[in-house]
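# Architecture at a glance
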Amino acid sequence: MKKIIQKNSRKLLPLFLGVFALIVFITASVAIYTNQGYKKGVAITADSVAMFSSNRLDQISKDDTGAGFSKKDVAVQDAENETVNFSFAIYNYAPNTPTRINPNDITYDLTAIWSGNAESEGLTGFQMQQQGGSVQNFTDNSCTISNLMLTHGVRSSHTFTVTMPKAALNAGVKFTIKAMPQAGSYSAVNNKALAVVLTPYQSSEVTPVTNKWTGHWVEKTYAATQPQLKPSDCAAFNYEISGSGKGTITLTCPAGLEIDAEFLKKHNLTVTGNTVTFSVDSATESLYTIRFYRTGTALEYSEESFDDWKEIVTYQRSE
């Protein structure tokens, strides 16, 4: 009997070992899968950013009332003798990633509030305008444009211009600007909003003379006060063209970049070689903000500094 048991035990031993090995394998596999799933979830959560961005405003929690607002300087542009202005844009794609377009419509409200020091008391003439829309006056230091919608599925953007009396530059005026999604768009923007506190300052680089149009790289202007910003940090670049009078602009696209197709479509323009030519008239539009995207080839300019990033427009005034 003992020999029979021993014999059966020897036969069953490989089976037991096989079952044990299978249990160990399944347990390890489940642990690995669970661990990888956890890591994947963490990675997605950590890396997830809203497809809702701006060239000046930064992403914040929609519930943030000011603690997370970044503070930046912004160069102003002479619009008329006694007023100056600056612009900013809102996009429906992830920051510096124009290929990650929001698959949902985004409806939001834009609010700008200005504040200043004692010298700012009594200042008037603050206005905000969406490109192509009507001028909105500030009331009690605040201006809101409501029910703005960025269309899903295609690169969509809104450009705004804030105009103020030139005296505001010497009165410590700052603008707190927030793009707040409406409740129906919370999920579309991962419960994010956009905000910034902008302090305008006069820059000779963007100050035109009578009947003169000029351009400048927005990131180059930022780099003047934020030297840590390098071209290599950016997946796309913003260029502003502004001025006064009538004439013709020729825009030359640097090697390694391409002009935003939406800008070309909006203004019914065609690229010839690497240039685009179009008419300007400050009586109807005094500011253009244009995005340039990388093509994947080497940039004509340095990736380490914006110092050699030159103007890319020439202007021919109308007689």
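Relevant structure appears above.
These numbers come from a predicted model, not from an experiment.

## What to know about the overall build of the protein chain
When helices and strands are tallied, the protein chain shows three helices and 20 strands. Sorting the 319 residues of the protein chain into buried and exposed places 41% on the buried side. Sequence separation of 24 or more characterises 79% of the internal contacts of the protein chain that already satisfy a separation of 6 or more. Accessible surface for the protein chain amounts to roughly 17000 Å². Of this, 53% is attributable to carbon and sulfur atoms.

## A short note on the sheet that holds strand S15 (residues 236–244)
Pairing is antiparallel in the open sheet, where four strands are placed in the order S14-S15-S19-S17. Only two strands of the sheet have a single neighbouring strand rather than two, namely strand S14 (212–217) and strand S17 (257–259). Each strand axis lies, on average, 25 degrees off the axis of its neighbour in the sheet, ignoring direction. Pairing analysis gives three bridges linking S17 to strand S19 (residues 287–294), with the strands arranged antiparallel. Across the sheet, the residue bridging to glutamate 258 is tyrosine 293, located in S19.

## Topic: the packing of aromatic side chains
In this structure the tally under the stated criterion is 20 aromatic pairs. Between the aromatic rings of tryptophan 217 and tyrosine 239, the centroid separation amounts to 4.9 Å while the plane-to-plane angle is 75 degrees, which identifies the pairing as edge-to-face. Residue tryptophan 217 is located in strand S14, and its partner tyrosine 239 is located in strand S15; the two are separated by 22 residues in the primary sequence. Here tyrosine 239 falls in the buried class, since its relative accessible area comes to 0%. Residues phenylalanine 263 and phenylalanine 278 carry aromatic rings whose centres are separated by 6.1 Å and whose planes lie at 75 degrees to one another, so their mutual orientation is edge-to-face. Of this pair, phenylalanine 263 sits in helix H3 (residues 261–266) while phenylalanine 278 is found in strand S18 (residues 275–281), placing the two residues 15 residues apart along the sequence. Of the two residues, phenylalanine 263 and phenylalanine 278, both sit in the buried class. Among the aromatic residues, those joined into a ring-pair cluster are Trp217, Phe237, Tyr239, Phe292, Tyr301, Phe306 and Trp309. Across the ring face of tyrosine 186, the terminal group of lysine 62 is positioned such that the distance to the ring centre comes to 4.4 Å.

## Concerning the nonpolar core
With 35 residues, the main nonpolar core has Phe52, Phe86, Phe88, Ile90, Tyr108, Phe175 and Ile177 as its most contacted residues. Those elements that place two or more of their residues in this core are strand S3 (71–80), strand S4 (83–91), strand S7 (106–115), strand S10 (142–150), strand S11 (157–165), strand S12 (174–181) and strand S13 (192–202). When residues in this core are grouped by element, the largest group, five residues, is from S7. Not counting the four nearest positions on each side in its chain, phenylalanine 88 is found in contact with Asn55, Arg56, Leu57, Leu110, Met128, His158, Thr159, Phe160, Val162 and Ile177. Counting 28 residues, the second largest nonpolar core, distinct from the first, contains Ile249, Leu251, Phe263 and Leu264.

## What about the side chain of asparagine 92?
As for its position among the elements, asparagine 92 is in the loop between S4 and strand S5 (93–94). Only 2.8 Å separates the side chain of asparagine 92 from the backbone oxygen of valine 154, close enough to count as a polar contact. With sequence-adjacent residues up to four places away left out, asparagine 92 is seen in contact with Met51, Phe52, Arg100, Ile101, Asn102, Ile106, Leu150, Thr151, His152, Val154, Arg155 and Ser156.

Here is what the cut-offs are and how they apply
Residues numbered from 1 in each chain as written. Predicted model: local features only at pLDDT ≥ 70, side-chain atom pairs only at ≥ 80, totals over all residues. Heavy atoms only, no water. Helix = DSSP H or I, 4+ residues; strand = E, 2+ residues; numbered from the N terminus. Buried < 20%, exposed > 50% of the residue type's maximum accessible area, 1.4 Å probe, protein only. Contact = heavy atoms within 4.5 Å. Areas by Shrake-Rupley, 256 points an atom, 1.4 Å probe, with all protein chains shown as cover. Pairing = 2+ DSSP bridges. Axes fitted to C-alpha atoms, helices over the stretch in contact; angles between N-to-C directions. Phe/Tyr/Trp six-rings, centres within 6.5 Å; stacked < 30°, edge-to-face > 60°. Lys NZ or Arg CZ within 6 Å of the ring centre and 35° of its normal. Core = buried A, V, L, I, M, F, W, Y, C linked by side-chain atoms within 4.5 Å. Polar contact = N/O pair within 3.5 Å; in protein donor to acceptor, adjacent residues only side chain to side chain.

Without other data, these values stay purely geometric and don't point to any function.
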